[in-house]
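Spelled out, the chains give:
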Amino acid sequence: MQQNNLTLDLRSYSAETDNHLHDYHQLVLPVSGQLDISVGRQSGRVDSERAAIISAGQEHGFSGSEDNCFVVADIPGQLAPEFEQLPAFIHLSPAIIQYVRFLQQQLQQYNSVSTQRQMLLLLIQLLQEQCGKQPRLDRRISAAQNYLDHHFGGAVSIGRLAQVANLSPRQLSELFRKQLGMTPHQYLIEKRMQRAWQLLEQGNLTIQQVADAVGYSSLAAFSDRFRKHFSIPPSYFRRSGK
């Protein structure tokens, strides 16, 4: 089973399911009820203070109580490679428990995909910090990230980004991937697509104007990238009732 995009939603589980695996990480966080999970050779329980981290490629199965609900996140492996080193079951800090309650409330209401992506990225950061896996960014990578955050609407070359970071293009790509879990190009696309979704959702601009705003002079290239990223075309927002 493949999952190329971040997803975050509320799920309930049946009494039992066959073992299976997928090529993305999965977080199972408690809302109500209990869930017994086997991950590889380990067995544990997700309850009011414990969560499960199922890393990509791990065979797993579960058995849920009669009435249960969980916040479940599906995360592409390249976005959080550190999850492969985290334990399958973790005790949640009070801060994360509180944040899970916030996520539940938000998911029960209408939220755009871009908003859910931001909430999920923060959740990943909180878990990494709790487990001591969130590295302090190298100042050179921080400079490159900041440049992308402020210039993603224009033309961005790896050469210019390397100059900002005072690194060679090869050093920049390797260190950026190591610290942020993606290449500078992947990060740039993520920033552009998130902003494009927000602009399309607001409905004030034409699709061409949105494409121009996020660095695409070609409408066809923008539409193709947007469809690949979100599995829907930009024209989705221009249909009646959307």
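Quick note: structure is the one above.
Here is a short report on the structure shown in this document.

Definitions and cut-offs
Residues numbered from 1 in each chain as written. Predicted model: local features only at pLDDT ≥ 70, side-chain atom pairs only at ≥ 80, totals over all residues. Heavy atoms only, no water. Buried < 20%, exposed > 50% of the residue type's maximum accessible area, 1.4 Å probe, protein only. Helix = DSSP H or I, 4+ residues; strand = E, 2+ residues; numbered from the N terminus. Pairing = 2+ DSSP bridges. Contact = heavy atoms within 4.5 Å. Salt bridge = Lys/Arg side-chain N within 4 Å of Asp/Glu carboxyl O. Expected span 1.5 Å × (residues − 1). Arc of directions from axis to C-beta. Polar contact = N/O pair within 3.5 Å; in protein donor to acceptor, adjacent residues only side chain to side chain.

Let's talk about the pairing of strand β6 (residues 60-64)
Taking burial as the measure, the five residues of β6 include four buried ones, the bulk of the element. Pairing of strand β3 (residues 35-39) with β6 involves five bridges; the strand directions are antiparallel. The partner of Leu35 across the bridge, within β6, is Gly64.

A look at the side chain of Asp47
Inspection of the secondary structure assignment puts Asp47 in the loop between β4 (42-46) and β5 (50-54). Other than its neighbours up to four places away in sequence, Asp47 contacts Pro30, Gly33 and Gln34.

Considerations on the pattern of salt bridges
Summed over the entire model, instances satisfying the criterion amount to eight salt bridges. Between Asp36 and Arg45 there is a salt bridge, and its shortest N-O distance comes to 2.7 Å. Owing to a relative accessible area of 33%, Asp36 belongs among the partly exposed residues under this scheme. The exposure class of Arg45 is partly exposed, given its relative accessible area of 33%. One salt bridge in this structure joins Arg170 and Glu174, with 3.2 Å as the shortest N-O distance.

Thoughts on helix α8 (residues 219-230)
In a regular helix each residue adds 1.5 Å, so 12 residues correspond to 16 Å; α8 covers 16 Å between its end C-alpha atoms and thus fits that length. Among all positions in α8, only Phe222, Phe226, His229 and Phe230 are buried. Taken around the axis of α8, the buried residues stretch over an arc of 75 degrees, which confines them to a single face. Those residues of α8 that are exposed and aimed more than 90 degrees away from the buried face are Ala220 and Lys228. Just beyond α8, the residue with positive phi is Ser231, at close to 70 degrees.

A short note on helix α3 (residues 139-151)
For α3, which comprises 13 residues, the first-to-last C-alpha distance of 18 Å matches the rise-based estimate of 18 Å (1.5 Å per residue) to within 8%. Buried within α3 are the following residues: Ile141, Ala144, Gln145, Tyr147 and Leu148. Down the axis of α3, the sector holding all buried residues measures 160 degrees, keeping them to one side. α3 presents Arg139 and His150 as exposed residues on the side facing more than 90 degrees away from its buried surface. Next to the buried residues of α3 lie α4 (158-165), α5 (169-180) and α6 (184-202). Of the residues flanking the start of α3, the one acting as N-cap is Asp138, its side-chain oxygen 2.7 Å from the backbone nitrogen of Arg140.

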